[in-house]
Amino acid sequence: MRAINRAPIASRLMPQLLNIFTFCLLMDKVEQNLNSILKRYWGYDTFRAKQLEVIESIVNKQDTLALLPTAGGKSACFQVPAIHLDGVCLVVSPLIALMKDQVLQLKKRQIPAAALISGMSYREIDIALDNCRARKTKLLYISPERLQSEDMRTRLSNIPISF
């Protein structure tokens, strides 16, 4: 029977194990930060079922589709990572009333948010976009129609979009 030299295998595995360990520590720290955001802004100690999985997917820059029931906490699934990540979260919604309501609720929680809705003056839009460019806004709500505008897409290209 031939003896197997395990030292080379161990020395090759050590960097990979260290990377896995470091990744686990980093993810634990990210999860702690996400939980502290939830507690600070929403007052909850834990996420609802599937929320953390969706949020971690977004934080890890993965394309994410979440199907949750009515009142299942869908908004938190993008609002929490928006606060956690650097830049502005671009929220596309055709519902003006929903955009207004969410921006109002976010501002009540001291989370900087804005919505570009019909009826706004060019100056108001400029101010909202300038605040995004200056990283003073975490969430920007916009309609699909406004997003189709070439001018708007050009202006958004100068904003650090987180997701």
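How each quantity is defined
Residues numbered from 1 in each chain as written. Predicted model: local features only at pLDDT ≥ 70, side-chain atom pairs only at ≥ 80, totals over all residues. Heavy atoms only, no water. Core = buried A, V, L, I, M, F, W, Y, C linked by side-chain atoms within 4.5 Å. Buried < 20%, exposed > 50% of the residue type's maximum accessible area, 1.4 Å probe, protein only. Helix = DSSP H or I, 4+ residues; strand = E, 2+ residues; numbered from the N terminus. Contact = heavy atoms within 4.5 Å. Expected span 1.5 Å × (residues − 1). Arc of directions from axis to C-beta. Salt bridge = Lys/Arg side-chain N within 4 Å of Asp/Glu carboxyl O.

Student: Mind showing me how you'd approach the nonpolar core here?
Tutor: Nonpolar side chains in soluble globular proteins tend to be buried together. If you look at the biggest cluster of nonpolar residues, it comprises 30 residues, and the most contacted ones within it are Leu34, Trp42, Val80, Leu139 and Tyr141. When residues of this core are traced back to their parent elements, those giving at least two are α1 (7–42), α2 (51–59), α3 (74–84), β1 (89–92), α4 (96–108), β2 (113–116) and β3 (139–142). Element by element, the count of residues in this core is highest for α1, at six residues. Not counting residues up to four positions away in its chain, the partners in contact with Val80 are Leu34, Ile37, Trp42, Phe47 and Ile55.

Student: Quick question: what am I supposed to make of α4 here?
Tutor: Since the α-helix advances by 3.6 residues per turn, residues separated by three or four positions end up pointing in the same direction. Compared with an ideal rise of 1.5 Å per residue, which puts 13 residues at 18 Å, α4 spans 18 Å between its outermost C-alpha atoms and is within 8% of the ideal. Turning to α4, its buried residues are Met99, Gln102, Val103 and Leu106. When α4 is viewed along its axis, its buried side chains cluster within an angular range of 100° and face the same direction. Turned more than 90 degrees off the buried face of α4, the exposed positions are Ala97 and Lys108.

Student: Sorry, what's going on with the pattern of salt bridges here?
Tutor: If the charged atoms of two oppositely charged side chains come close together, the side chains can form a pair. The tally for this structure, following the rule as stated, stands at six salt bridges. Residue Lys39 is joined to Asp45 by a salt bridge in which the shortest nitrogen-to-oxygen separation is 2.9 Å. Given a relative accessible area of 42%, Lys39 falls into the partly exposed group. Notably, a salt bridge pairs Glu150 with Arg153, separated by 2.6 Å at the nearest N-O pair. Highlighted residues: Glu150 and Arg153, both in helix α7 (residues 150–156), separated by three residues, approximately one helical turn. A relative accessible area of 38% places Arg153 in the partly exposed class.

Student: What should I look at first to understand unusual backbone geometry in this one?
Tutor: The general pattern is negative phi for most residues beyond glycine and trans for most peptide bonds. The residue Gln110 is not glycine, and still its phi comes out positive at about 65°. Examined against the element boundaries, Gln110 turns out to sit in the loop between α4 and β2. Of note in the backbone geometry, Arg135 takes a positive phi value of approximately 65° without being a glycine. Here Arg135 is to be found in the loop between α5 (122–133) and β3. A relative accessible area of 45% places Arg135 in the partly exposed class.

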